[in-house]
There are 2 protein chains.
Amino acid sequence: MLWLISLLAGVTSIALAVYLFLHVGRQESGSEKMQEISAAIREGAMAFLKREYYTLSAFVAVMGLFLAVFLNHSMALAYVFGSTCSALAGLLGMDVALKANVKTANAARKSLVDAFLTAFYGGAVMGLSVIGLALTGISILYYIYGDPNVILGFSLGASSLALFAKAGGGIYTKTADIGADLVGKVEFGVPEDDPRNPAVVADNVGDNVGDVAGTGADLFDSYVASIISAMILGSSLYRATAQWEVYTVLPILLAAAGIFASLAGTLFVRVKEGGDPGAALNRGTFLTCLLFVFFSFLLIRFLDVDLGVFYATTAGLAVGVFIGITTDYFTSINRGPVKKTAEAAKMGAALNILSGFSYGVISITPTVIGISVATLTAWYFAGLYGISMAAVGMLSITGMVVSTDAYGPIVDNAKGIAEQSSLEPHVIKIGDKLDAAGNTAKAISKGFAIGAAALTVLALFASYSEIAEVEMVGLSLMRPDVMVGVFIGAAMPPLLSALLILSVGRNAYRIVDEVRRQFREIPGLLQGRSKPDYTQCVDIATKGALKELSLPSALSVMVPLAVGFLLGKHALGGFLAGSIVTGMIFAVFMANSGGEWDNAKKYIEDGAIGGKGSDVHKATVIGDTVGDSFKDTAGPSLNTLICVMSLTASVFAPLILEYSLLK
Amino acid sequence: MLWLISLLAGVTSIALAVYLFLHVGRQESGSEKMQEISAAIREGAMAFLKREYYTLSAFVAVMGLFLAVFLNHSMALAYVFGSTCSALAGLLGMDVALKANVKTANAARKSLVDAFLTAFYGGAVMGLSVIGLALTGISILYYIYGDPNVILGFSLGASSLALFAKAGGGIYTKTADIGADLVGKVEFGVPEDDPRNPAVVADNVGDNVGDVAGTGADLFDSYVASIISAMILGSSLYRATAQWEVYTVLPILLAAAGIFASLAGTLFVRVKEGGDPGAALNRGTFLTCLLFVFFSFLLIRFLDVDLGVFYATTAGLAVGVFIGITTDYFTSINRGPVKKTAEAAKMGAALNILSGFSYGVISITPTVIGISVATLTAWYFAGLYGISMAAVGMLSITGMVVSTDAYGPIVDNAKGIAEQSSLEPHVIKIGDKLDAAGNTAKAISKGFAIGAAALTVLALFASYSEIAEVEMVGLSLMRPDVMVGVFIGAAMPPLLSALLILSVGRNAYRIVDEVRRQFREIPGLLQGRSKPDYTQCVDIATKGALKELSLPSALSVMVPLAVGFLLGKHALGGFLAGSIVTGMIFAVFMANSGGEWDNAKKYIEDGAIGGKGSDVHKATVIGDTVGDSFKDTAGPSLNTLICVMSLTASVFAPLILEYSLLK
């Protein structure tokens, strides 16, 4: 009956999410002008979401049928259930974020405190929905089937949704951004964010789509995968022992502890008038961590589980925070790497690009060290089970991380709305302050998400070897099939990121064509006498993004299956290991290089080395455009793609065991 | 006494190299003006080589002492011997290349046939010296010690030399190139290759240093490493069998077969007046391949060795050719990837860079497939020994590859000399024709070198596990120490390339400062009334390059030792596997992305999409500058760095076995 605790935690989290959803909804929305701007973004984002979910349901239906035919009905049901839960969390989070932006802008006219809380509670709806729906779903499935392997289907469903939300959203957002800039600014001389540009709404929609819905789905995915792989390892490694069931349900109990910690953390996020919102967010995260450590200690003592497991989870959590903070160093506007990258632009765009590229690559060091330390520590204290529990520990603060991350686009949009509706200077100033806190939070949560994904796929790899009944020696690097698997697996993440980057380029051309058409065919558009057709641009960008997604997502399902069925389960094990390693390297380097270039540009826009409009600034704009596709499309999508590959391997392992060509 | 065959082959190759050296030396050197230009390049290149070898001897002395103290004297002697042999090959090759350029230019006044043969024979001196000195050295050491493990020292010596020649040369060449461009063209408005620019000689020297000496040392390194790892595996895997000695010496016998094939191939390279020099080079390579397959078949039948070994070597050779040709597709000026990258520049530098980056990454596919097929085929036919023999097979045509590769810079320089001495148009035309053939040869040999290095380090990895007495299960990916090793190892190649790229930037600043100083302090320099101090620029670039090299080369020795002594031999095995995988991926992607951008620029300079001077052209110049550091510094250095790491691990394996913290 222990699983009831986790169900209770999940339902409580959903309840609080719904309460905050209604609470934010009750706030005032400000002037008509403000509501009009907000409505345009809302309309575009909902159009994107609608089409995305529409395509997704077709995908889920086909995939569900496939699972039902080749595996079993329960797996198929769990799959559909998983994608539905994640979609629901995304819908709730997006809906409230698109309301909270204008309400935050309006609240800023009153005070910083009101504005901050409106934005943060808006973000918290996403955070609490993600962990609440995930844990509720897992608990229900475990109650019904009592078999962690079925819940793999739930996890694969969540991954499929994440693929669309994160990779599809990533292509979409950069398509709109680059497309709007290229044709608007360059060809027609229209300033950025000018309402005459037909692609401007599509561009504004992008931030919400990529950051709110995308990151939410990404962490939903990692969160579920880490829990389920720990459950699988618990149930198989301790099968012969008396504590078998305790080890199997411990992951969901710890997740419940994480939820209670996150609820408390959320409610304690407070800022004084004139205070620092960034510090308030950090205090919330810090409190959540402390409470989780405390709760998990009590739980583990109470259940009479080996204390080694406690050390493992704590190590995971500590490393998650470490990776988040070190990532911030490499992309912070006040630190050496960004400043040097900006300096290099004095010698032209090429050296700026080389510098951002290099520091981005160097920034993999703390992540590699962190993951290595977490792995070895967890293993030392609690074996293979410990590694998966380290992932659970790291992801225990997911609720808080998603909340602060979703806060970012809300205040970003709020600031935009305040500026475009010409609100008073002190309101804009509050907006700036809130926005700066959001940017730091975003940088940290990006690093955290990558670290969490790396540790999660490591745990998934361990659970794959259990499911596929691979013996220790079967995954030896001295086996050529394993080594070939590693080679092919390692090539996948770079390959997929290249495909995603090319997708952005191709899709941007579509926007460019459409914008040109509108300027040509709508009379008086350039003079501001008539309105552009925003929806058409959103629709083209969305359709294009989903179309471009088909090759990378097909590869991430088909290649592991091909390796498994042709070269066998050992090669597939090597494949997963290879994909984890380069997946992590490319995800970190691309995210951080992108961050470098972005902030190097901002550093110069703030007045350093010539300032805005200088040749140096122009050079950094080139770097920033290169970085956009790195940090917002390719980099963050890799987490999801690796997760999809790992889950595909685990779900289809029973078939591969039976039908593979090589054994 | 079988080893006598290989000694004979080695000595014959050296003899022919010396004969061609003298033959080229006897050709006429043309007008005074031509000799003057050639002398300036020669002076600079020799200044570079002198300082490089000077620093290198200090490094070799310290490392030799270290080996003598901690391991044994024979290892130390072999180490010094290895670096000396490779240095000698480099010296011979450079010396003749620096003569052959002006003689080729002069011969072009007579006929294409004369010019082509002068250049090709000049290149062949390098090719034949490399394989001749390598095989002679190995044969002598094997005769003296009878123990392949000692020859590991020879291989590490060659690797140390390659590190300086390839990575140091790589930093040097791009430093000079970027430095000369940035300050000359951008700041002072002096055209490219203008004699008033103090860095112009340093720039011209760069091609010889990077391509002739660098590639020669790189392939010397791979060639020796592949042979020695096959010998180690032969001697340990077949220890209990009657054919033990045959399997141990077979690698050097096959190398001898390769030498005889290369000698024949070299002598049959012929071109008719008005013929295609590229086709002549390809015919030579093709003939060498065929002869090697024939010779190796006879040898293997004669020695009564299992025919599986023959299939393994042939598979290796076939894959080498396959990788070379497919690489050409991705970087050829007439194909889709380059054209699309050039098209993308219409939308600005950022999209040009993203396109070149993406296609470069995608171009890893054929290499990954090729290496996988070679590995699995070789293993299927001849087990672990087969994999190392595949590497030997692939590298059997090293002599021919180095010859055609060294031909490139000779004709490139010859063309430059012809233009700068204002020779007749038909001479320039011959120069163009010879140069075009050189560029294709260079692209193919670059792909070949990477493929060869990948297969070689795979063989080294296998021999490491033999030397370190690692059991199959000890290298299981299910061991966390192995997985952590893979993580750290995989991070090394990207990290090292980032450090090398940053080095180029830093070193370029030094050149910029010096050029500025000369323009400021030498009166009348900008007006062409006085001569700049070329040597000073060469010296600064050289000193800077060697200084910048210290961190990456220290890391490539220290990190494997740290992993080995701290985390143990299993983690070190994982480390090597990880470094091989990402090393290959980064080497291929960087080389080919660089090639893409370079040729996209040339495509536009040839008149497409606006042509030279247009905005599109300017965008591709930015891409090309980014690519320079990728393709000429970071990418090609990775082969050597991985090789150094693998050899360090193998050489120190006995100590690690005894003293490592974790076991």
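Rules of the game
- Residue indices begin from 1 for each chain and proceed along its sequence in written order.
- Each chain is given a letter, starting from A, and each ligand a number, starting from 1, according to the order in which they appear as written.
- With the structure being a predicted model, the display of local features is reserved for residues of pLDDT at least 70 and the display and counting of side-chain atom pairs for 80 or more, all residues being used for whole-chain, interface and lining totals.
- Helix numbering and strand numbering both begin at the N terminus, where a helix is a DSSP run of H or I of at least 4 residues and a strand a DSSP run of E of at least 2.
- All radius of gyration figures rest on C-alpha atoms, and the globule criterion is 2.2 Å times the number of residues raised to 0.38.
- Around each residue's C-beta, the other C-beta atoms within 10 Å are counted; 20 or more make the residue buried, 12 or fewer make it exposed, and counts in between make it partly exposed. All C-beta atoms are placed from the backbone.
- Any pair of residues counts as being in contact when their C-beta atoms, constructed from backbone geometry, are within 7 Å of one another.
- Residue polarity is assigned by list, with Asp, Glu, Lys and Arg as charged and Ala, Val, Leu, Ile, Met, Phe, Trp, Tyr, Cys and Pro as nonpolar; anything else, Gly included, falls into the polar class.
- All copies are superposed by least squares; the fitting set is the C-alpha atoms of residues with a pLDDT of at least 70 in both.
- Any helix carries an expected span of 1.5 Å times its number of residues minus one.
- All axes here are fitted lines through C-alpha atoms, helices being fitted over the stretch that makes contact, and every angle between N-to-C directions spans 0 to 180 degrees.
- For this classification, under 35 degrees means roughly parallel, over 145 means roughly antiparallel, 65 to 115 means roughly perpendicular, and everything else is oblique.
- Definitions for this section: a left-handed crossing has its near helix turned counterclockwise from the far helix by less than a right angle. A right-handed crossing has that turn clockwise.
- By definition, pLDDT measures how confident the predictor is in each residue, and it falls between 0 and 100.

> Even after reading the chapter, I still don't get the overall build of chain A, so can you show me in this structure?
Counting its secondary structure elements, chain A contains 18 helices and 0 strands. Rg of the C-alpha trace for chain A: 24 Å, near the compact-globule value of 26 Å for 663 residues, within the 12% margin. By the burial criterion, 68% of the 663 residues in chain A qualify as buried. Taking the contacts inside chain A whose residues are at least 6 apart along the sequence as the reference set, 86% of them involve residues at least 24 apart.

> Mind showing me how you'd approach the interface of chain A and chain B here?
Quite often, the size of an interface is put as the accessible area lost when its parts meet. Listed as interface residues are 56 residues of chain A and, on the opposing side, 56 residues of chain B. Among the secondary structure elements, those contributing two or more residues to the side of chain A that touches chain B are helix H11 (349-362), helix H12 (364-394), helix H15 (480-521), helix H17 (569-605) and helix H18 (615-659) of chain A. Among the residues forming the side of chain A that touches chain B, the class breakdown is 41 nonpolar, 15 polar and no charged.

> Got a minute to help me understand the relation of the copies chain A and chain B in this structure?
Copies of the same chain, two in number, are related to each other by a rotation about an axis and a translation along it. Taken as rigid bodies, chain A and chain B are interconverted by a rotation of 180 degrees and an axial shift of 0.0 Å, the fit giving an RMSD of 0.0 Å. The transformation relating the two chain copies, once decomposed into turn and shift, fits a two-fold axis.

> Would you take a moment to explain the environment of Leu 551 of chain A for this structure?
Checked against the element boundaries, Leu 551 of chain A lands in helix H16 (residues 534-567). Along the sequence, Leu 551 of chain A and Leu 496 of chain A sit 55 residues apart, while their C-alpha atoms lie 9.0 Å from each other.

> What am I meant to see in the environment of Ala 454 of chain B here?
Residues and elements named next belong to chain B. Looking at the element boundaries, Ala 454 is found in helix H14 (residues 425-467). Taking the number of C-beta atoms within 10 Å as the measure of exposure, Ala 454 has 31 and is therefore buried. In the structure, Ala 454 is positioned 189 residues away from Cys 643 in sequence and 9.1 Å away in space, judged by C-alpha atoms. Excluding anything up to four places from it in sequence, Ala 454 contacts Ile 371, Ile 580 and Met 584.

> Where do I start with helix H17 (residues 569-605) of chain B in this structure?
An α-helical turn contains 3.6 residues, so a residue and the one three or four places further along point in the same direction. For H17 of chain B, built from 37 residues, the straight-helix expectation of 54 Å at 1.5 Å per residue is met to within 8% by its first-to-last C-alpha distance of 53 Å. Of all 37 residues in H17 of chain B, 35 are buried, a share of seventy percent or more.

> Is there a simple way to think about the packing of helix H5 (residues 148-188) of chain A against H15 of chain A in this case?
Geometrically, a packed helix pair is captured by the angle between its two axes and the distance between the axes. Residues and elements named next belong to chain A. Between H5 and H15, the shortest axis-to-axis distance is 7 Å and the interhelical angle comes to 45 degrees. Classified by the interaxial angle, the pair formed by H5 and H15 is oblique. Helix-helix and strand crossings are classified by hand; for H5 and H15 the assignment is right-handed. Across the interface between the two elements, Ala 167, Gly 170, Ile 171, Lys 174, Thr 175, Ala 176, Ile 178, Gly 179, Leu 182, Val 183, Gly 184 and Phe 188 from H5 touch Leu 500, Ser 503, Val 504, Asn 507, Ala 508, Ile 511, Val 512, Val 515, Arg 516 and Phe 519 from H15. Residue composition of the contact of H5 with H15, grouped by class: 14 nonpolar, 6 polar and 2 charged.

> Can you walk me through the packing of helix H4 (residues 112-145) of chain A against H5 of chain A in this structure?
Residues and elements named next belong to chain A. Between H4 and H5, the least distance of the axes is 9 Å, while the angle of their chain directions is 145 degrees. Taken as a pair, H4 and H5 cross one another with a handedness that is right-handed. Residues Gly 137, Ile 138, Leu 141, Tyr 142 and Tyr 145 of H4 pack against Val 150, Ile 151 and Phe 154 of H5. The class makeup of the residues in the contact of H4 with H5 is 7 nonpolar, 1 polar and no charged.

> Just to check I follow, could you spell out the confidence of the model for chain A for this structure?
Interpreting fine coordinate detail is not advised for predicted regions of low pLDDT. Per-residue confidence for chain A averages 90 on the pLDDT scale, and 100% of its residues sit at or above 70. Overall fold confidence for the complex sits at a pTM of 0.93, while the interface term, ipTM, reaches 0.92.

> Any chance you could explain the environment of Ile 259 of chain A here in plain terms?
Residues and elements named next belong to chain A. Of note, Ile 259 is situated in helix H7 (residues 244-267). With 246 residues separating them along the chain, Ile 259 and Ser 13 place their C-alpha atoms 7.0 Å apart. Beyond its immediate sequence surroundings of up to four residues, Ile 259 is in contact with Ala 9, Gly 10, Ser 13, Ile 131, Leu 135 and Gly 399.

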